Amino acid sequence: MSEKTLSIIKPDAVLKNKIGAIISRFEDNNLKVIAAQMLMLSREQAGAFYSVHKERPFYQGLLDFMTSGPVLVMTLEGNNAITKNRELMGATDPAKADTGTIRADFADNVEANAVHGSDSPETAATEIAFFFPNLGG
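Residues numbered from 1 in each chain as written. Predicted model: local features only at pLDDT ≥ 70, side-chain atom pairs only at ≥ 80, totals over all residues. Heavy atoms only, no water.

Peer 1: Break down the nonpolar core for me, citing the residues and quoting the values.
Peer 2: L6, I8, M66, V73 and F131 are the most contacted members of the largest nonpolar core, which totals 21 residues. A per-element tally of this core places helix 4 (residues 59–66) first, with five residues. Once you skip the residues sitting within four places of it in the chain, F131 turns out to touch L6, I8, Q37, L41, F49 and V73. Listed in part, the 18 residues of the second largest apolar core include A13, F26, I102 and F106. (Core = buried A, V, L, I, M, F, W, Y, C linked by side-chain atoms within 4.5 Å. Buried < 20%, exposed > 50% of the residue type's maximum accessible area, 1.4 Å probe, protein only. Helix = DSSP H or I, 4+ residues; strand = E, 2+ residues; numbered from the N terminus. Contact = heavy atoms within 4.5 Å.)

Peer 1: Tell me about helix 7 (residues 121–131), and name the residues and values.
Peer 2: Among the residues making up helix 7, those that are buried are A124, E127, I128 and F131. Around the axis of helix 7, the buried residues are gathered within 100° of arc, so they sit on the same side. Residues E122 and T126 are exposed on helix 7 and point more than 90 degrees away from its buried face. (Arc of directions from axis to C-beta.)

Structural measurements only, silent on function.
Pasting the structure below:
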């Protein structure tokens, strides 16, 4: 089933110049980039995007990190895109991520973990609309 998902290449991976390597992982696994934009998130944008985590102790650190440098925000499309993207990303903690996953190869730690990906069709629709309001979920 073809579906869309949101992917963000986070500031740590952008700083390491890994954008092309990460996009190649998506493309090599039949995920197509159908929209993309590189931007510096404002604290307000980051806060709105990650508002689900507002009460968590890591929230302020997450905002600091996500506004520390440019990010590449993309909509990916393909068969089972959400599940496939999450498999390619690997576990949130790169120390626990399977060998060959994006986080195992490019992330530094659980906070600086290289990429974000939607976790469900509902989240994907909301996240895609946040950055690409004309695209829809």
